[in-house]
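# Analysis of the macromolecular model
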Amino acid sequence: MEAWYSKYWFSIQTLSSFEWAQPFYLYCIPAIPFLFIIRNWIVGNNVQKLNVAFPAQQFRSSWISALRFVPGLLLVLSIMLILVALARPQRAISTQEEVSEGIDIMLALDISASMEATDIPPSRLGVARKVAKKFIEGRFQDRIGMVIFAGEPFSLCPLTNDYDMLKDYIDEIHPSLIATSGTALGNALGMCINRMREITSKSKVIILLSDGDNTAGNLDPVLSAQMARAFGMKLYTIAVGSNKINTEKVDESALRNIATIGNGKFFRATDARSLENIFKEINRLEKVEIKQNRYKNLRDFYHNYLRWAIVLLLLSFACKNTFMGNILED
């Protein structure tokens, strides 16, 4: 912060940046010079004068004679600065705090070979990754984790608030990350449940994206859905695919069944737009209340102008006791 004696306090930019608690005093400032002009006019008409004649050649004007106005000018400036201080220049520093209890979300994404089908260009997996990233960007203070699966599940990322890191992980997802073929829905759900079963939070959600029935793993998807419900988790399932490719048909039955058991909802995504709308719907259903706390910290700067006013007032008194002042007029 600038020192009180800095010229910074008198710049137009500085003065315009203030909030004035008592702006009425600012309207009085223009009247101060006029009051002094009226005072000098009244005093000048009432004071007794002694007429002394000087030859014109002996009368010479000098800039030094103008110094007799200095004490009055300093006094005017001092009073004006006192009015500025009374107007209380302030700056408000506002802060906004958003508070939310948040929820825990586990994304389970199928990366089996069938997810490379191009019936949803560029591929089912490519669209799922893109839309999942948009979903993550729309969350606030939620912890989100991710499990990928094919013939077996793999924990890609634990629950985290670091959305940038999670999106980087999603960009690296590829079917080659899991060599075991098949679709292990039950095992993927089981891994998601293990990630959240000991966590105490207001809401726990599993979102599973796949395009097929359970064809691998040693855990029944129905049993996994029952366990999710027992641990208070809500299960959303999304079937991805348009069935335009005969060899890569989408099997909805298992996904519908486990969504019903898991107190959630089943969705069908036949193109990129419908998948995006599904995530928007889930985003709407799993919104938590966000409280906004606003804080306003006011800082006063009147003391800088008051110090200047005192200095100018003392200078005015000091100048009146020099050759600049005329004791006969006081």
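Residues numbered from 1 in each chain as written. Predicted model: local features only at pLDDT ≥ 70, side-chain atom pairs only at ≥ 80, totals over all residues. Heavy atoms only, no water.

The name that an unreviewed UniProt entry assigns to the protein is VWA domain-containing protein, with the source organism given as Flectobacillus longus.

### Quick notes on the overall build of the protein
What counts is decided by this rule: By the criteria applied, helices consist of DSSP H or I runs no shorter than four residues and strands consist of E runs no shorter than two, each listed in order from the N terminus. Residue exposure (1.4 Å probe, protein chains only): buried if accessible area is under 20% of the type maximum, exposed if over 50%, otherwise partly exposed. Residue contacts are counted whenever heavy atoms from the two residues lie within 4.5 Å of one another.
For the protein, the count of helices and strands is eleven helices and nine strands. Of all 330 residues assigned to the protein, the portion counted as buried reaches 40%. A fraction of 81% describes how many contacts in the protein between residues 6 or more apart in sequence connect residues 24 or more apart.

### A closer look at the pairing of strand β5 (residues 153-160)
To keep it simple, the criterion reads: At least two bridges found by DSSP between two strands are what make those strands a pair.
Within β5, six of the eight residues are buried, which leaves it mostly tucked inside the rest of the structure. Both strand β4 (residues 143-149) and β5 contribute to a ladder of five bridges, which runs antiparallel. When the sheet's bridge partners are listed, I144 is paired in β5 with T160. In this structure, the hairpin formed by β4 and β5 is closed by a connection of three residues.

### Remarks on the sheet that holds strand β6 (residues 204-210)
How we decide: An axis is simply a line fitted to the C-alpha atoms; with a helix, the fit covers only the stretch in contact. Between two such axes, the angle follows the N-to-C directions and lies from 0 to 180 degrees.
Read across the open sheet, the six strands follow the order β5-β4-β3-β6-β7-β8; overall the sheet is mixed. Each having just a single partner strand, β5 and β8 (265-269) make up the two edges of the open sheet. Direction aside, neighbouring strands of the sheet carry axes that sit 15 degrees apart on average.

### Side note on the environment of A216
By the secondary structure assignment, A216 is in the loop between β6 and α8 (221-230). Residue classification places A216 among the buried residues on the basis of a relative accessible area of 13%. Not counting the four nearest positions on each side in its chain, A216 is found in contact with G151, S181, G182, T183 and A184.

### Looking at the packing of aromatic side chains
Formally: Two aromatic rings from Phe, Tyr or Trp, using only the six-membered ring of Trp, form a pair when their centres are within 6.5 Å; if the ring planes differ by under 30 degrees the pair is stacked, by over 60 it is edge-to-face, and anything between is tilted.
Tallied over the entire structure, the rule returns twelve aromatic pairs. Ring geometry for F10 against Y305: centres 5.8 Å apart, planes inclined by 85 degrees, an arrangement best described as edge-to-face. Of this pair, F10 sits in the segment before α1 (12-16) while Y305 sits in helix α11 (residues 302-320); the two residues are 295 residues apart in sequence, bridging distant segments of the chain. The partly exposed category is assigned to F10, whose relative accessible area is 34%.

### Looking at helix α4 (residues 70-86)
This is how it is decided: A helix is expected to span 1.5 Å for every residue after the first.
Between its terminal C-alpha atoms α4 stretches 24 Å, which fits the 24 Å expected from 17 residues at 1.5 Å a residue. Along α4, the residues that are buried comprise P71, L74, V76, S78, L81, L83, V84 and A85. Positioned one or two residues after α4, R88 has a phi angle of 55 degrees, which is positive.

### So, the pairing of β6
Taken across its seven residues, β6 has seven buried, putting it largely inside the fold. Alternating positions in β6 separate into two faces, K204, I206, L208 and S210 on one and V205, I207 and L209 on the other, with burial throughout. The pairing of strand β3 (residues 104-110) with β6 spans six bridges and is classified as parallel. Residue pairing in the sheet places L109 in a bridge with L209 of β6. Strand direction decides the pairing type here: β6 and strand β7 (residues 233-240), joined by seven bridges, are parallel. Looking at β7, one finds that L209 is bridged to I238.

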